[in-house]
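Given next are the chains, with one letter for each unit.
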Amino acid sequence: MEHWEEWQKEYQFGTIVIWPTDEVRKFVNKQRETYDPISQSFCETHITVTQPLIKTLFNDEWDHVQRVIKEFNAFEINYGPLSSFLPYPCIWYEIDPAEKVLDIRQALHKTGFFNLTLKHTEGFIPHMTITEGQSGPPVDESLLEQLQDESVSGSFQCQELALINPDEGFRFRVIRTLPLG
């Protein structure tokens, strides 16, 4: 962690995400490897649910988090079409139902275990990123059009959330799965 950049240190305790099925991750990971290999080297395809944790949670705190998550039933996630935050260099798959992801996010954030002082806390849009512009070709309208031609829409069943934590090389791994109700 000594060699991490400041923004990376904010993620040292992990964050909670939706980890898509292997089939979806394989397809989108390939896009990420092509269009933003640096971002892909940090973390496979995911849908962010929460801001980063502010500390390592104790067992009773994890029990509290799990009780919150159990309030929500498994649901189908539809991904696609593509969208962007241009001119901010980010191209991503839309997620539906975004409201369901936002409801889970809001309930978890109310626990007090997450860093709500970071950028993009308010107005967060659930998404599955292809490129954040950290590497690869320039992220512009031309790339968005190219990716729209190469991309597909689909769906998968979301039955659990995942806690992901970075290792010393800032590569995120699933540490714990958190089943929905």
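Residues numbered from 1 in each chain as written. Predicted model: local features only at pLDDT ≥ 70, side-chain atom pairs only at ≥ 80, totals over all residues. Heavy atoms only, no water.

1. Remarks on the pattern of salt bridges
Definition in use: Criterion for a salt bridge: a side-chain nitrogen of Lys or Arg within 4 Å of a carboxyl oxygen of Asp or Glu. Helix and strand definitions here come from DSSP, where helices need a minimum of 4 consecutive H or I residues and strands a minimum of 2 consecutive E residues; each element is numbered from the N-terminal end. Only protein chains enter the accessibility calculation, which uses a 1.4 Å probe. A residue is then buried if its area is under 20% of the maximum for its type, exposed if over 50%, and partly exposed in between.
This model, assessed by the stated rule, comprises five salt bridges. Among the salt bridges present, the one from Lys9 reaches Glu6, with a minimum N-O distance of 3.2 Å. Linking Lys9 with Glu6, this pair stays in helix 1 (residues 6-9), spanning three residues, or about one helical turn. Since its relative accessible area comes to 25%, Lys9 is described here as partly exposed. The class for Glu6 is exposed, based on a relative accessible area of 58%.

2. As for the side chain of Ser39
Heads up, the rule is: The contact rule is simple, with two residues in contact once any of their heavy atoms fall within 4.5 Å.
Topologically, Ser39 is positioned in helix 3 (residues 37-42). Among the residues examined, Ser39 registers a relative accessible area of 2% and is labelled buried. Beyond its immediate stretch of four places on either side in the chain, Ser39 contacts Arg32, Glu132 and Gln134.

3. Looking at the environment of Asp167
Along the chain, the position of Asp167 falls in the loop between strand 7 (160-166) and strand 8 (172-179). For Asp167, a relative accessible area of 31% gives the class partly exposed. Separated by 153 residues in the primary sequence, Asp167 and Gly14 place their C-alpha atoms 9.9 Å from one another. Beyond its immediate sequence surroundings of up to four residues, Asp167 is in contact with Trp4 and Arg173.

4. Examining the sheet that holds strand 1 (residues 15-18)
Here is the rule we go by: The criterion for strand pairing is that DSSP finds at least two bridges linking the strands in question. For every element, the axis is a line fit to its C-alpha atoms; helices are fit only across the contacting stretch, and the angle between N-to-C directions ranges from 0 to 180 degrees.
Spatially, 2-1-7-8 is the arrangement adopted by the four strands of the open sheet, whose pairing is antiparallel. Both outer strands of the open sheet, strand 2 (47-48) and strand 8, are each paired with one neighbouring strand and no more. Summarising the sheet, strand 1 and strand 7 pair through three bridges and their orientation is antiparallel. Opposite Ile16, over in strand 7, you have Leu163 as the bridge partner. Set on the sheet, helix 4 (residues 59-70) makes contact with strand 1, strand 7 and strand 8; between it and strand 8 the angle comes to about 65°.

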